[in-house]
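Working through the structure, step by step
What follows is the residue order along each chain.
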Amino acid sequence: MAKDLTSFIKEQMSQGRDARTIREYLIGRNVDKKSIDKAFDKSFGGSSHPAKKSSAEKFVIAGMIVLFLILVMVGFNIYYKIDPLKMTPKEPIRTFEPSTTNDLKTPSVVNCEFEDSEQKYDCYVSKFENNEVKCYEIKDYNEKDFCYRVQDFYALSNV
């Protein structure tokens, strides 16, 4: 039956009839719609299987995935303020203390380089009590930010 439909469709197409007209004619004759579709696929050389993706399409999809992963990593780094280039040890914090001989200030080193935040906090508090550290003189941005936070907590606890 399918061979007959395929040859019928090809014959009608060669005579110049429209595919829609041929389909409506066959449906009007109570021919199964699936059989009609299969016959049209065979007569036009089409297949019911989806086409495989070309290498260019695969390349574009892979590029989009890589771009998405890069954006996720950049967002993660911005969110957590991770800077992989600053893996070097930090310099000691330099502050200024008044000199005993004159009123000029000379640099001194504050050693509050603890990995534990609580120990570092306690070190800064002791430096604030002795007026040994000034946060605005610290060069490292993260260290300066930590110093200001400790200074705020110190000021609030002494009110």
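This one's a predicted model, so the numbers in the text were calculated from it and none came from an experiment.

The helix and strand tally for the chain stands at 6 helices and 2 strands. Listed N to C, the secondary structure of the chain is α-α-α-α-β-β-α-α in terms of helices and strands. By residue count, 20% of the 159 residues in the chain fall in the buried class. Put simply, 38% of the contacts in the chain that link residues at least 6 apart link residues at least 24 apart. Carbon and sulfur atoms provide 57% of the accessible area of the chain, an area that totals close to 13100 Å².

One pass over the structure, following the stated rule, counts 1 disulfide. Paired through a disulfide, C135 and C147 show a sulfur-sulfur distance of 1.9 Å. Measuring handedness by torsion sign, the sulfur bridge of C135 and C147 sits at about -75° and is left-handed. Highlighted residues: C135 in the loop between helix 5 (117–129) and helix 6 (141–157) and C147 in helix 6, separated in sequence by 12 residues. Judged by its relative accessible area of 2%, C135 falls in the buried class.

A separate point is the environment of K10. Residue position: K10 is located in helix 1 (residues 2–14). The class of K10 is partly exposed, set by a relative accessible area of 45%. Measuring from C-alpha to C-alpha, the distance between K10 and K42 comes to 9.7 Å, with 32 residues separating the pair along the chain. In this view, K10 contacts K42 and S43; residues no more than four positions away in its chain are not counted.

Running from N to C, helix 5 and helix 6 cross one another at 65°; their axes reach a closest spacing of 10 Å. As summarised for this structure, helix 5 and helix 6 are arranged roughly perpendicular, according to the angle between their axes. Pair helix 5 / helix 6 crosses with right-handed handedness. Each of S117, K120, Y121, Y124, V125, F128 and E129 in helix 5 lies in contact with helix 6, whose residues at this interface are E143, F146, C147, V150, Q151, F153 and Y154.

Moving on: the packing of helix 2 (residues 19–28) against helix 3 (residues 33–44). It is at 10 Å that the axes of helix 2 and helix 3 come closest, and there the two elements cross at 150°. Taken together, the axes of helix 2 and helix 3 are roughly antiparallel relative to one another. As for how helix 2 packs across helix 3, the hand of that crossing is right-handed. Along its contact with helix 2, which presents A19, I22, R23, L26 and I27, the element helix 3 presents K33, I36, D37, F40 and F44. In terms of residue class, the contact of helix 2 with helix 3 is built from 7 nonpolar, no polar and 3 charged.

Next up on the list: the nonpolar core. In this structure, C112, C123, Y124, V125, F128, V133, C135, I138, C147, V150 and Y154 together form the largest nonpolar core, which totals 11 residues. Those elements giving two or more residues to this core turn out to be helix 5 and helix 6. A per-element tally of this core places helix 5 first, with 4 residues. Core analysis: the next-biggest nonpolar cluster, separate from the first, contains 8 residues, L5, I9, I22 and F40 among them.

Further remarks concern the packing of aromatic side chains. Tallying each qualifying case throughout the model produces 4 aromatic pairs. Centroid distance Y124 to F146: 5.7 Å. Interplanar angle 55°. Geometry classified as tilted. Taken as a pair, Y124 in helix 5 and F146 in helix 6 lie far apart in primary sequence, 22 residues in all. Within the aromatic cluster, the residues linked to one another by ring pairs are Y124, F128, F146 and Y154.

About the criteria used
- Residues numbered from 1 in each chain as written.
- Predicted model: local features only at pLDDT ≥ 70, side-chain atom pairs only at ≥ 80, totals over all residues.
- Heavy atoms only, no water.
- Helix = DSSP H or I, 4+ residues; strand = E, 2+ residues; numbered from the N terminus.
- Buried < 20%, exposed > 50% of the residue type's maximum accessible area, 1.4 Å probe, protein only.
- Contact = heavy atoms within 4.5 Å.
- Areas by Shrake-Rupley, 256 points an atom, 1.4 Å probe, with all protein chains shown as cover.
- Disulfide = S-S within 2.5 Å.
- Axes fitted to C-alpha atoms, helices over the stretch in contact; angles between N-to-C directions.
- Parallel < 35°, antiparallel > 145°, perpendicular 65-115°, else oblique.
- Left-handed = near helix turned anticlockwise from the far one by under 90°.
- Nonpolar A, V, L, I, M, F, W, Y, C, P; charged D, E, K, R; others polar.
- Core = buried A, V, L, I, M, F, W, Y, C linked by side-chain atoms within 4.5 Å.
- Phe/Tyr/Trp six-rings, centres within 6.5 Å; stacked < 30°, edge-to-face > 60°.

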